[in-house]
Amino acid sequence: MMATWDGLGLRWTVGPGTEVTVEETGTGASHPPVLVLAGGLCVVTLVPPEDQTAWTGCAVFLRRLRDHADELAALLEARAGRRDRAEG
């Protein structure tokens, strides 16, 4: 995994050994779990808002993130399949 600043924001390139996990930060509502993307020396942590009333909106965002990640995965698989057929 490699992270670079491209002038607009952080660009994070997925690579071998990149992992995605959910980590507990403690017990109770004041220590919510977080989503961790890690690889090499880079770690990106998605943290829910401190205001628990905003957690529902955070859940909506995470589901959109999941849905778009599925969409990207399907596009990558389709393009990789076209390339494999062209080379074979």
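For the structure, check the block above.
Notes on the structure follow. (Residues numbered from 1 in each chain as written. Predicted model: local features only at pLDDT ≥ 70, side-chain atom pairs only at ≥ 80, totals over all residues. Heavy atoms only, no water.)

Section: the pattern of salt bridges
- Per the counting criterion, the structure on display carries two salt bridges.
- The partner of R11 in a salt bridge is D6, with the nearest N and O atoms 3.2 Å apart.
- Overall, the relative accessible area of 36% leaves D6 in the partly exposed class.
- In this structure, R66 engages D67 in a salt bridge whose closest nitrogen and oxygen atoms are separated by 3.1 Å.
- Relative accessible area serves as the criterion here: at 42%, D67 is assigned to the partly exposed category. (Salt bridge = Lys/Arg side-chain N within 4 Å of Asp/Glu carboxyl O. Buried < 20%, exposed > 50% of the residue type's maximum accessible area, 1.4 Å probe, protein only.)

With respect to the sheet that holds strand β3 (residues 19-23)
- Read from one edge to the other, the open sheet built from three strands follows the order β3-β4-β5, with strand pairing classed as antiparallel. The open sheet has two edge strands, β3 and β5 (42-46), and neither has a second partner. Strand-to-strand, the axes of this sheet are offset by a mean angle of 20°, without reference to chain direction.
- Across five bridges, strand β4 (residues 34-39) lies against β5 in antiparallel orientation. Of the residues in β5, the one forming a bridge with A38 is V43. (Pairing = 2+ DSSP bridges. Helix = DSSP H or I, 4+ residues; strand = E, 2+ residues; numbered from the N terminus. Axes fitted to C-alpha atoms, helices over the stretch in contact; angles between N-to-C directions.)

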